Structures are given as C-alpha cells and as structure tokens.
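Spelled out, the chains give:
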Amino acid sequence: MSLVRRAVPEDAREVLRLRQVMIDALPGSDPATDWHEQSLPGLRERLGETEGNFAAFVVDHPERPGALAALVAGTVDYRIGKAGDPHGAVGYVFSVATDPDTRRRGYARACMDVLLDWFRERGAARVHLTASAEAEPLYVSLGFKPKPDPLLELTL
C-alpha cells in the first residue's frame, strides 16, 4: 500500500505550509506568509478538481495527525508540438517539499514517482523542473538531466 495520496481540499493549509518550507529554502526568498489566506480559496478549488491539468500528491505526517510530511505539485501545459514531441504536452513540477523532521525517508521520491505516472497518463513527453543543489541528486536519480537555462522572467 502506497503512502502517497492525491491531495484534497482539506489539505490546502498544509499544502501551503509545505510550499512555504520550499520557498524559505530558496536563496533570496520572501518569508512573508500573509499571501496564504488569499491563496487558500483558489488552492482548495484546484485540489477538488480531479480531471484538470493540476495535481498535488502528499504523504501524511507519521507523527502529527492532520499534518503533511511531503508534497509534490505539478501541471501539464500544452505547447505547440515539435520533433520528438508532436502533441506538446509538457509536465512542470513546481513544488516539492518535505517537512524538515521527516526528511531522508523517501517521501519526496515516492511522491515524485506518482506525479511522473500522472504526467505519463496525460501524455506528457517531457517534464521540467527547477532544482536546488540539495535536491538535484534526487531528480538526476529519477532520470532528469541538466539543461542550459535560458529562462527570462517578467513580473506583471
């Protein structure tokens, strides 16, 4: 029996808590949490959708009922096809977090395995993510390969 389950609307506060754990680990991150209340309604709605292009998978905390030990979340986006990927379905992993007191138990890997299967079921031929140096060995062990990063960003 898998420890991993799909997150449900009732998990929204814990999902945001673990997302903040991930954000706080990034260099130069903003530690503000006032945005959580504004984010909750939309997140609850997304977590209630089972057929959309968004999914979050979690592991319950083994020592704290109601808390989560690990989280992965991702989306499937459409891009115009290209050689080797004519359908253009691309998975994007944007949140991977483990509660600090449950690290090194394989929870993030188990969640990633389920998310990768979810991407495959939706026809994604490629999966993108941004990795911290600490997490990169996990992703490389799952088959991810580093790519040159030409990413530019505009804040609107």
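Here, every reference points to the structure presented above.
Quick caveat: nothing in here was measured; it's all calculated off a predicted structure.

Novice: Report on the sheet that holds strand β1 (residues 4-6), specifying residues and quantitative values.
Specialist: Reading across the sheet, the five strands line up as β1-β2-β3-β4-β5 and stay open at both edges, with mixed pairing between neighbours. Of all the strands in the sheet, the pair left with one neighbour each is β1 and β5 (126-129). On average, each strand axis in the sheet is inclined to that of its neighbour by 25°, with strand direction left out of account. Pairing analysis gives seven bridges linking strand β2 (residues 54-60) to strand β3 (residues 68-78), with the strands arranged antiparallel. Within the sheet, the bridge partner assigned to V58 lies in β3 and is L71. Helix α3 (residues 107-121) rests against β1, β2, β3, β4 (89-98) and β5 of the sheet, and its axis sits at about 25° to β3.

Novice: I'd like a rundown of the packing of helix α1 (residues 12-24) against helix α2 (residues 35-48), residues and numbers included.
Specialist: At their nearest, the axes of α1 and α2 sit 9 Å apart, and the two run at 120° to each other. Considering their axes alone, α1 and α2 lie oblique with respect to each other. By crossing handedness, the relation of α1 to α2 is classed as right-handed. In contact with A12, R13, V15, L16, R17, Q20 and I23 of α1, α2 contributes W35, H36, E37, S39, L40, L43, R44 and L47. For the contact of α1 with α2, the class distribution of residues is eight nonpolar, three polar and four charged.

Novice: Pulling in residues and values, what's your account of α3?
Specialist: Along its 15 residues, α3 runs 21 Å from first to last C-alpha, staying within 8% of the 21 Å computed at 1.5 Å per residue. Among the residues of α3, Y107, A108, C111, M112, L115, L116, W118 and F119 are the ones counted as buried. Looking down the long axis of α3, one finds its buried residues gathered within 160° of arc, a one-sided arrangement. More than 90 degrees from the buried face of α3, the exposed residues found are R120 and E121. The inward-facing, buried residues of α3 abut β1, β2, β3, β4, β5 and α4 (136-141). One or two residues past the end of α3 sits G123, with phi positive at roughly 80°.

Novice: I'd like to hear about the pattern of salt bridges, residue by residue, with values.
Specialist: Tallied over the full model, the rule gives 12 salt bridges. R64 is the salt-bridge partner of D101, the closest N and O atoms lying 3.2 Å from each other. Of the two residues, D101 is situated in the loop between β4 and α3 and R64 in the loop between β2 and β3; the sequence distance between them amounts to 37 residues. Among the charged side chains, a salt-bridge network with shared partners connects E14, R17, R64, D99 and D101.

Novice: Please provide a residue-by-residue account of the environment of P31, values included.
Specialist: Looking at the element boundaries, P31 is found in the loop between α1 and α2. Note on P31: relative accessible area 60%, which makes it exposed. Through-space distance from the C-alpha of P31 to that of Q20 is 7.8 Å; in sequence the pair is 11 residues apart. Apart from residues lying up to four places away in sequence, P31 is in contact with Q20 and D24.

Rules and cut-offs
Residues numbered from 1 in each chain as written. Predicted model: local features only at pLDDT ≥ 70, side-chain atom pairs only at ≥ 80, totals over all residues. Heavy atoms only, no water. Pairing = 2+ DSSP bridges. Helix = DSSP H or I, 4+ residues; strand = E, 2+ residues; numbered from the N terminus. Axes fitted to C-alpha atoms, helices over the stretch in contact; angles between N-to-C directions. Contact = heavy atoms within 4.5 Å. Parallel < 35°, antiparallel > 145°, perpendicular 65-115°, else oblique. Left-handed = near helix turned anticlockwise from the far one by under 90°. Nonpolar A, V, L, I, M, F, W, Y, C, P; charged D, E, K, R; others polar. Expected span 1.5 Å × (residues − 1). Buried < 20%, exposed > 50% of the residue type's maximum accessible area, 1.4 Å probe, protein only. Arc of directions from axis to C-beta. Salt bridge = Lys/Arg side-chain N within 4 Å of Asp/Glu carboxyl O.

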